[in-house]
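# Coordinate analysis (summary)
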Amino acid sequence: MAFIIRRRGAMALGASAAAMALARQATGQTIPKADVPPLNLPIEKGATLRLLRPARFVEPDEVIFRANSAKFAKETGVEVKVDLVGWEDIRQQTAVSANTGAGPDIILGWAEDPHIYADKVIELSDVAEYLGKKYGGWMFLGEKFGKRAKTNNWIGLPMGGSGGPLVYRVSALKEAGHDKVPTDHAGLLKLCQDLKKINKPAGFALGNAVGDANGFANWMLWSHGGSLIDDDGKVVINSKETLNALNFVKELYPTFVSGTMSWNDISNNRAYASNELFFTSNGVSLYFSLKNDPATKPIADDTEHAPLVKGLASTAPMSATVLNGMVFKHTKFPNAAKAYLAFMMEAEQYDPWLTGCLGYWSHPLKAYDKSKVWESDPKIALYRETMNNQFWSGYKGPITQAAGTVTAEYVLVQMFASVASGQATPADAAKEAERRTRRYYR
Amino acid sequence: MTVVTTGDWTRARPQPNWLARLFDYKPFLVLACLTPALGLLLVFLTYPLGLGIWLSFTDTKIGGAGKYIGIENFEYLLEDPQFWGAVFYSVFYTGVATFGKFALGLWLALLLNNHVPFKSLLRAIILLPWIVPTVLSALAFWWLYDPQFSIFSYVAVDVLGIRSTPFDFLSTTWPARWSLIAANIWRGIPFVAISLLAGLQTISPSLYEAALLDGSSAWQRFRYITFPLLLPILAIVMTFSIIFTFTDFQLVYAITRGGPLNSTHLMATLAFQRGISGGELGEGAAIAVAMIPFLVGATLFSYFALARRKWQQGESDD
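The model shown is predicted, which means the values in this text are computed figures rather than measured ones.

### Focus: the overall build of chain B
- Counting secondary structure elements, chain B contains 14 helices and 0 strands.
- Listing each helix as α and each strand as β along chain B from the N terminus yields α-α-α-α-α-α-α-α-α-α-α-α-α-α.
- Here the C-alpha atoms of chain B give a radius of gyration of 29 Å, more than 25% beyond the 20 Å that 2.2 N^0.38 yields for 318 residues.
- Dimensions of chain B along its principal axes, counting C-alpha atoms only, are 125 × 70 × 40 Å.

If you want it as structure tokens, here you go:
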């Protein structure tokens, strides 16, 4: 089922050659570094490491990652075996590895994973603090997903995050009589209605699309001031704010292009690339795949990005898909593993990787704001801020396995979809979502 | 005088060695022959089944040991509208798709049983939908049903101009359900048709000749010769077909993933969704266990309602 694995990346393959060329110029020279004493991690004798990470989404992602690992082997003598698995499978493999105490020493898993296995992973505070000091500090989501809830102990090392702001066609907005994306709900509704009128509609996934649909559902909820749970982990989804969000989506949905109820993660990319869709949200990969294919180059030239409409939120109501590194207690070579993670985050290695990925895995350390990749194309500047988003899955509560389950079970997506399709009243939908969420947070 | 006594001489029979004796010992032989098969069944069937049933009574999550919670999972499912939706659609999907497959499959088998040119070639072609890996045909249907790029929509909107909007195959409840059933029928026809064709060819032509002499009509020949003689094989094929359809997973998962709004979840896809994607292994196992009564019921129905004919047991049919 290749269409779900590397879902965002399926269209970005054409971007590979351009990305490699760009990555060759990125050597970390432009990244400001503070003068910090190097980490003191005596590497164990005869150490070797095994690492598991999600499949690449563009070729340079894997090529540069492997090259960096080979460089580490050359400098320290520690061989690192890198294995890649499908996006949908890595969470299960992480679970097995954590429970059996065998398998890879390091896993670059998804955001919540180190928090789920907090007592199975070693603390990475020394590495994280060293990197933070050297590279201007961690960005918001970096700290959020790195530190154990309500402590200063780092259990994960976020290596990057991918966000999905608005992607739209400038010409379509102009034709509909708008010169920019509004920041309030009324404006958003008006814009979508106007786009519908000129037959250049907006569209956001409401089907079982892990990334896109959850992104849309969270956006609608957060921008109305709602949240799934409160600070203490109590389920508060059945609220006045949620009802407002549901009523808004009920009005917004008729302006969408047809079929969004059955969209998966790749659907909006395809519709956008074929002039059927003019206003949606997606990772940076959509833009690059358009830009690097001569057939769709005109669409890319006409494309702009904007932050998700804020509504009542103070910042863009958006989280990120975070790549979170963790080292398991069962490793025989904890120092080597930590040294490796630190090495991969150093400018000489990280900058080419960040650049090769075209900013898809946006950086978690502030100094990388200065990376050349963000100047390579002014239209992607927005993605630079991805890890500064102030929201996370399971907002506002602590990061837990239940938050991951709610996402995987599409609880919020289906809450919105049932109201949009007229199958449930807002009150019933919110109650059903509460019932399901309670089950996972029991 | 010497008397030589010659006893009844018999050739000293060599005592068979212990190994040969062991293998002549019937209880041992039975055990030795059964062990490999029993071992396979235990390891690959009984153990996973038992584990699944055990898991359904625990709150196990992926990545965490669970504890025994009795029938709490089932209690939750009883009041879970999604679960009942999946039960309904599983039964509906199985019922309608099986009916469709048998109606069309039997028709196809009757056609193929006649003398048509290129008979073997035709039969080979008929099998194609069944040979293609399900995921591949599911992907093909996924494109056919795509909200933006469906070929049907293209023909209707852009070529013929008889519609102004594309067909909505998968975004609303009932069209999505029927679309999946159509895909399943398409895939299942060959199996039914070829199996029934094999059954048709075992019916002796002399029966038809006799009936013709009696001046029977085509319908009478079908009703009183073909159908009764086909019934045993029909029962077996139907049992298999019901089980395959009820436990279908790939088509639904690849085309709709249970959407829109969980309206096309079968019990199998819901179990996977809850157990693996959602990480609630215990609950997923409970859904899978809930399928067992349906499957046992379907099997018993086929055997008792369709196949228990006295003539099969060597008695006369009265």
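### Some details on the overall build of chain A
- A count of helices and strands for chain A gives 19 helices and 8 strands.
- Taken against the 2.2 N^0.38 rule, which gives 22 Å for 442 residues, the C-alpha radius of gyration of chain A at 21 Å falls within 12% of a compact globule.
- Its C-alpha atoms give chain A principal-axis dimensions of about 65 × 50 × 40 Å.
- The 442 residues of chain A split such that 58% are buried.
- Looking at chain A alone, contacts between residues at least 24 apart form 78% of all its contacts between residues at least 6 apart.

### Thoughts on the confidence of the model for chain B
- Here chain B averages 86 in pLDDT, and 93% of its residues register 70 or above.
- For this predicted complex, the interface confidence comes out at an ipTM of 0.74, alongside a pTM of 0.82.

### Side note on the pairing of strand β2 (residues 79-85) of chain A
All names here are of chain A.
- Judged from the 7 bridges that link them, strand β1 (residues 48-54) and β2 form a sheet pairing that is parallel. Bridge pairing links L49 to V80 in β2.
- Handedness of the β1-helix α2 (residues 59-76)-β2 crossover: right-handed.

### Thoughts on unusual backbone geometry
- For the bond from Y395 of chain A to K396 of chain A, the omega torsion is 0 degrees, close enough to zero to count as cis.
- Along the chain, K396 of chain A turns up in the loop between α16 (373-376) and α17 (401-408).
- Phi at F118 of chain B is positive, roughly 55 degrees, even though this residue is not glycine.
- The topology assignment puts F118 of chain B in the loop between α4 (81-113) and α5 (119-126).
- The phi dihedral of R257 of chain B is positive, around 55 degrees, even though this residue is not glycine.
- Residue position: R257 of chain B is located in the loop between α12 (250-255) and α13 (267-277).

### Considerations on the domain arrangement of chain A
Residue and element names in this part refer to chain A.
- Domain annotation for chain A reports domain 1 (9-163 + 320-388) and domain 2 (166-318 + 409-440).
- Centre-to-centre, using C-alpha coordinates, domain 1 lies 29 Å away from domain 2.
- Listed per partner, the contact involves 18 residues of domain 1 and 17 residues of domain 2.
- Here the residues of the side of domain 1 that touches domain 2 are counted per class, giving 11 nonpolar, 6 polar and 1 charged.

### Thoughts on the sheet that holds strand β3 (residues 106-110) of chain A
Residues and elements named next belong to chain A.
- Strands sit in the order β2-β1-β3-β8-β4 across an open sheet of 5 strands; the sheet is mixed. Edge positions in the sheet fall to β2 and β4 (157-162), since each has one partner strand and no second. Across this sheet, the average inter-strand angle for adjacent strands is 20 degrees, counted without regard to direction.
- The strands that helix α3 (residues 90-100) touches are β1, β2 and β3; relative to β3, the one it contacts most, it runs at about 135 degrees.

### Observations concerning the domain arrangement of chain B
- Domain boundaries in chain B define domain 1 (20-55) and domain 2 (81-309).
- Placing a centre on the C-alpha atoms of domain 1 of chain B and another on those of domain 2 of chain B gives a separation of 35 Å.

### Details of the interface of chain A and chain B
- Each side of the interface is counted separately: chain A has 28 residues, and chain B has 27 residues.
- Breaking the side of chain A that touches chain B down by element, the ones donating at least two residues are α3, α11 (267-273), α17 and α18 (411-420) of chain A.
- Grouping the constituent residues of the side of chain A that touches chain B by class yields 9 nonpolar, 15 polar and 4 charged.

### Describing the packing of helix α10 (residues 240-252) of chain A against helix α19 (residues 426-440) of chain A
Residues and elements named next belong to chain A.
- Two elements in contact, α10 and α19, have axes separated by 9 Å at closest approach and are oriented at 125 degrees. By the angle between their axes, α10 is oblique relative to α19. Relative to α19, α10 is oriented so that their crossing is right-handed. The segment α10 lies against α19, with T242, L243, L246 and N247 engaging P426, A427, A429 and A430.
- Residues of the contact of α10 with α19, tallied by class, amount to 6 nonpolar, 2 polar and no charged.

### Re the pairing of β4 of chain A
All names here are of chain A.
- In terms of residue burial, β4 counts as a mostly covered element, since 6 of its 6 residues are buried.
- Two strands pair when backbone bridges link them, and β4 and strand β8 (residues 321-327) are joined in this way by 5 bridges, in the antiparallel orientation. By the bridge assignment, S162 is partnered in β8 with T321.

### Describing the nonpolar core
- Within the largest apolar cluster, 198 residues are counted, with the highest numbers of intra-cluster contacts made by L206, Y340 and F416 of chain A together with I255 of chain B.
- Those residues in contact with F416 of chain A that lie beyond four places of it in its chain are L206, A217, M220, L246 and V249 of chain A.

### Structural notes on the sheet that holds strand β7 (residues 303-306) of chain A
All names here are of chain A.
- Strand order across the open sheet formed by 3 strands is β6-β5-β7, with antiparallel pairing between neighbours. Looking at the sheet topology across the chains shown, the edges are occupied by β6 (279-281) and β7. Here the average twist between neighbouring strands, direction ignored, is 25 degrees.

### Considering α13 of chain B
Residues and elements named next belong to chain B.
- In terms of residue burial, α13 counts as a mostly covered element, since 10 of its 11 residues are buried.
- What α13 keeps buried is the set M267, A268, T269, L270, A271, F272, Q273, R274, G275 and S277.
- Once α13 ends, the next one or two residues include G279, with phi positive near 85 degrees.

The rules behind these values
Residues numbered from 1 in each chain as written. Chains lettered and ligands numbered in written order. Predicted model: local features only at pLDDT ≥ 70, side-chain atom pairs only at ≥ 80, totals over all residues. Helix = DSSP H or I, 4+ residues; strand = E, 2+ residues; numbered from the N terminus. Rg over C-alpha atoms; globule rule 2.2 N^0.38 Å. Buried ≥ 20, exposed ≤ 12 C-beta atoms within 10 Å, placed from the backbone. Contact = placed C-beta atoms within 7 Å. pLDDT = per-residue confidence, 0-100. Pairing = 2+ DSSP bridges. Right-handed = clockwise from strand over helix to strand, strands pointing away. Domains from an automatic or database assignment. Nonpolar A, V, L, I, M, F, W, Y, C, P; charged D, E, K, R; others polar. Axes fitted to C-alpha atoms, helices over the stretch in contact; angles between N-to-C directions. Parallel < 35°, antiparallel > 145°, perpendicular 65-115°, else oblique. Left-handed = near helix turned anticlockwise from the far one by under 90°. Core = buried A, V, L, I, M, F, W, Y, C linked by C-beta atoms within 7 Å.

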